[in-house]
Amino acid sequence: MSRPRTTPGPVPSAPRNAPDTPRSAPRDTPAASPGASPDAPREARGARARDNAPWTAFGGDLHLDLTERRAAGAGLRAALEDALREAVQDGRLAPGTRLPSSRALGEDLGIARNTVVEAYGQLTAEGWLGSRPGSGTTVAERAAPRPAGRPATVRADRRPTGRHDLLAGRPDLSLFPRSAWLASARRALAVAPHDAFDYGSPLGRIELRQALTDYLARVRGVRTDPDRLLVCAGFGQGLGLLAAALRGRGAGRIAVEGYGLPPQREVLRAAGLGLAPLPLDCNGARTDLLDDLGGAGGTAERLGAVLLTPAHQFPSGAALAADRRAAAVRWARERDGYVIEDDYDGEFRYDRQPLGAMQALDPDRVVYGGTAAKSLAPGLRLAWLALPDELVEPVARLKALADTMSPVTDQLTFAELITSGRYDRHVRRCRLHYRRRRDLLVAALAERAPQVRVTGIAAGLHAVLQLPPGSRPEAELLERARAAGLVLTGLDWYRARPDAERALDLPAAPDARPDAAPGTSPDEPDEPNDAPDAPPALVVGYATPSDHAFPAALDALCGILRES
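Reading the values: rules and limits
- Within each chain, residues carry numbers counting from 1 in the order of the written sequence.
- Given that this is a predicted model, residues contribute local features only at a pLDDT of at least 70 and side-chain atom pairs are listed and counted only at 80 or more, while totals for whole chains, interfaces and linings are drawn from all residues.
- The side-chain numbers reported here are obtained from all heavy atoms of the structure, hydrogens and water having been left aside.
- Angles here are taken between N-to-C directions and fall from 0 to 180 degrees, while the axes themselves are lines fitted to C-alpha atoms, restricted in helices to the stretch in contact.
- A run of DSSP states H or I qualifies as a helix once it reaches four residues; a run of E qualifies as a strand once it reaches two. Both are numbered from the N-terminal end.
- Each angle is binned into one of four classes, with values under 35 degrees roughly parallel, values over 145 roughly antiparallel, values of 65 to 115 roughly perpendicular, and all other values oblique.
- Left-handed is the label given to a crossing in which the near helix is rotated counterclockwise from the far helix by less than a right angle, and right-handed is the label when the rotation is clockwise.
- Contact definition: two residues touch when any of their heavy atoms are within 4.5 Å.
- Residues are sorted three ways: Asp, Glu, Lys and Arg are charged, Ala, Val, Leu, Ile, Met, Phe, Trp, Tyr, Cys and Pro are nonpolar, and all the rest, Gly among them, are polar.
- For every residue, the accessible area (1.4 Å probe, protein chains only) is compared with the maximum for its type, and the residue is labelled buried under 20%, exposed over 50%, or partly exposed between those bounds.
- A pairing counts as a salt bridge when a side-chain nitrogen of Lys or Arg comes within 4 Å of a carboxyl oxygen of Asp or Glu.
- Strand pairing follows a simple DSSP-based rule, namely that at least 2 bridges must link the two strands.
- Seen with its strands pointing away from the viewer, a crossover is right-handed when the path leading from the first strand over the helix to the second is clockwise.

Brief notes about the packing of helix H3 (residues 76-89) against helix H5 (residues 113-126)
Okay, step 1: It is the contact of H3 with H5, at a shortest axis distance of 9 Å, that shows an interaxial angle of 50°. On the basis of their axis angle, the class for H3 and H5 is oblique. Here H3 and H5 pass one another in a crossing that is right-handed. Between H3, through Leu76, Arg77, Leu80, Glu81, Leu84 and Arg85, and H5, the contact on the second element is made entirely by Thr115, Val116, Glu118, Ala119, Tyr120, Gln122, Leu123 and Glu126.
Okay, step 2: Class assignment for the residues of the contact of H3 with H5 results in 7 nonpolar, 2 polar and 5 charged.

Let's talk about helix H4 (residues 102-109)
Okay, step 1: Those residues of H4 lying buried are Ser102, Ala104, Leu105 and Gly106.
Okay, step 2: Contacts from the buried residues of H4 go to H5.
Okay, step 3: Following H4 by one or two positions, glycine 110 adopts a phi angle in the positive range, close to 75°.

Looking at the pattern of salt bridges
Okay, step 1: Throughout the structure, instances matching the rule amount to 32 salt bridges.
Okay, step 2: Residues aspartate 225 and arginine 228 are paired through a salt bridge, measuring 3.4 Å at the closest nitrogen-oxygen approach.
Okay, step 3: Given the relative accessible area of 30%, aspartate 225 is considered partly exposed.
Okay, step 4: Between arginine 365 and aspartate 336 there is a salt bridge, with its nearest N and O atoms 3.1 Å apart. Of this pair, arginine 365 sits in the loop between strand S10 (338-342) and strand S11 (366-371) while aspartate 336 sits in the loop between helix H10 (322-335) and S10, placing them 29 residues apart in sequence.
Okay, step 5: Connected through salt bridges with shared partners, the residues Asp291, Arg330, Glu334 and Arg335 form a single ionic network.

Points about the pairing of strand S9 (residues 303-308)
Okay, step 1: Within S9, 6 of the 6 residues are buried, which leaves the element mostly enclosed by the surrounding structure.
Okay, step 2: Judged from the 4 bridges that link them, S9 and S10 form a sheet pairing that is parallel. Within the sheet, the bridge partner assigned to leucine 308 lies in S10 and is glutamate 341.
Okay, step 3: For the handedness criterion, the β-α-β arrangement of S9, H10 and S10 is classed as right-handed.

If you want it as structure tokens, here you go:
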């Protein structure tokens, strides 16, 4: 019986200039027919390798100047060889780059294919190019000289590195909900209108602003609506936009907490605002002193706003007392100023009832700032501002000038993540995870470094470790930590100015024991300690390491503290 005849389906034709087609490479390698080659697995691997390599499809992309060389008397082949050689030497063609096929390059440059084949062959023999069956012609691996006069590169990440990362301000990135994010992205892209991918409002996509309005009202008590929400690329960008808008309204200075993030202070200074640090104690920033900082003088001295972290002061961990919240709002009303509320980790509360957002006291005077950097990942660059009516237009205008609008796909995905309930489930999971981390830290220190007071642990992703009097200086401790591969910071790094009042009157965990009775508040205030020679303190981000790395980081930390 005859075997049934199979007819292969139509084979799509490759673009004229596509590399590695049957007519592409010098000494061209014939294309394999489907199912005909015994080396199909090897060829498939070669195809995958080619897909991952940098390549140039068109001769015009190479910027080869043959005219000048031809005018100088060089032959056509010599001119092409010299031009390709120069492109490799000066780094325009990086090692591994795939070149166009000989036919494609010849057509693009208007020269015979054989001339290109001979030039490729000569440069391959000299070691400038390489050619393997099925891989086309590529630039050979060789040491590329550093271009003369090249400026020093700027580090993309200024974070110090070490074996054990305990820097505050970053979550456990291994917890990022990849499956939930992917499911939300698929759903969001499937239902998004076509105009979602056009230029849009600088405020952000309406889907996300609506989702955030409902979520923030339910979880943080924020009173706003979608028309007063602005989506921005991280809280740092939002703070810069606010600072510029305030400067445009005549503000000359802004009050900041005596301890806080130095990059935020840099943003404010870059916008032309002077800084007026507020002292701290166990009840948060001394907002009762705002009137003493000025506000009725000339433009250069006018205090236009105060930047606060009321739910969980960074880095001390104190919560802003109710009377100080009220004092800040009263000051803003009376002096035509604003309170900027940085609610950087509002979702993470462990041993106390969640504190609602300060913004609810007066939405016309308090700007609420939130972020997904701690709950999801800082790399998403998703943050938001709930703005008073008077600031919506100037801040949105500045946002449009800065980058037109934030990326759409992540906004749509985040909106779907919230409305589907996946975001709430993820936050609950993270809250339990970080509470366990905190308890492990407190237990380890209680057992192996009982002289250390652990403070500010009722919420958030970091703790302050206060060392006893007579301990080594903070700078020496940090140097020893670096030698042990530990990356962390001391409390002094966060101080707004060298002569600012130290904020070391922070609450300690009861007896530094993780098994304290339920209901015992780790934030019960102690007696103030404002002495200028107060003992050192370290700020430890216990959320940052992954699960497998956290035990080793704890061991290294306890070893440093035992010798303090």
